[in-house]
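# A closer look at the structure
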Amino acid sequence: NAPAVGVSACVGGEKVAATGSDENDPASRRTETNETYNFETLVQVLKDSLRAPDRQQTTTAKGEKPPFYFSVDHCFPIRGRGTVLTGTVLNGSVDVNDMIEFPSLGLQRKVKSMQMFKRQVSHIGQGDRAGICVSNLDAKLIERGTAATPGKVRLLTGAIAVVRKIPYYAGSLRSGSKFHVSVGHTTVMA
């Protein structure tokens with residue numbers, strides 16, 4: 001329910017906005033000012049309509065850190081360093097030397113180092129995009145997936161689900177049929 005705000009950009013782009021004229025265009029040498037129209041109104045409407053994201057507290061009611069969940073979108077080895085996992089922190093936080101678990105692999109590894117935007121950091125938290133370096137992990141085992149606080153993610157081997165046909169699916173849903181089911185980054189036949 002956001003209001004529509006009409007905005008027009010400065011004719012001639014950044015150069016005209018900065019200098020007031022474009023030496024290659026005689027028409028822009030007018031005495032009129034080349035300004036954007038209604039931009040301040042747009043900025044104010046955005047400020048009024050948007051809110052800051054709700055971030056998890058650094059501790060729970062019991063005084064513990066909330067569980068760490070990291071969505072891995074890419075994984076690659078660096079010779080002499082270890083394996084780097086890039087992704088986004090979905091919940092909680094992690095520090096260098098903390099243990100993390102890869103639930104789909106059943107492995108735990110210690111965080112050797114972390115980077116955010118090419119800078120070394122010792123702590124990452126919810127919402128941060130980062131690279132986490134761990135040792136003794138074969139990068140071929142994980143391309144996409146999840147890293148988490150050890151013991152906080154249970155791996156499912158079976159589930160019962162209600163399935164409803166969407167109007168765009170031309171096939172039929174029959175008992176015993178097989179379908180591709182995607183949960184997170186994993187797709188299986190069901």
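Owing to the predicted nature of the structure, the values given are computational and were not obtained by experimental measurement. (Residues numbered from 1 in each chain as written. Predicted model: local features only at pLDDT ≥ 70, side-chain atom pairs only at ≥ 80, totals over all residues. Heavy atoms only, no water.)

Quick look at the packing of aromatic side chains now. By the definition in use, this model includes 2 aromatic pairs. With centroids separated by 6.0 Å and ring planes inclined at 20°, the aromatic side chains of F68 and F70 adopt a geometry described as stacked. By relative accessible area, F68 is classed as buried at 2%. Ring geometry for Y169 against F179: centres 6.2 Å apart, planes inclined by 65°, an arrangement best described as edge-to-face. (Phe/Tyr/Trp six-rings, centres within 6.5 Å; stacked < 30°, edge-to-face > 60°. Buried < 20%, exposed > 50% of the residue type's maximum accessible area, 1.4 Å probe, protein only.)

Here the focus is the environment of I100. As for its placement among the helices and strands, I100 is situated in strand 4 (residues 99–102). Since its relative accessible area comes to 0%, I100 is described here as buried. As for I100 and T146, which are separated by 46 residues in sequence, their C-alpha atoms are 10.0 Å apart. Discounting chain neighbours no more than four positions away, the residues touching I100 are F68, L85, V94, L107, Q108, R109, V111, I132, V134, A147, A148 and P150. (Helix = DSSP H or I, 4+ residues; strand = E, 2+ residues; numbered from the N terminus. Contact = heavy atoms within 4.5 Å.)

Let us look at the confidence of the model for the protein chain. Interpretation of this model should avoid reading the predicted coordinates in detail wherever pLDDT is low. Confidence in the prediction of the protein chain, expressed as mean pLDDT, is 82, and 78% of residues score 70 or more. Within the protein chain, the element-level pLDDT minimum falls on helix 1 (residues 13–19), averaging 59, and the maximum on strand 8 (residues 129–134), averaging 97. (pLDDT = per-residue confidence, 0-100.)

Right, let's talk about unusual backbone geometry for a bit. In this structure, N97 is a non-glycine residue whose phi angle is positive, near 80°. Its place among the elements puts N97 in the loop between strand 3 (93–95) and strand 4. At K118, a position not held by glycine, the phi torsion is positive, near 65°. With respect to the secondary-structure elements, K118 resides in the loop between strand 5 (107–116) and strand 6 (119–121).

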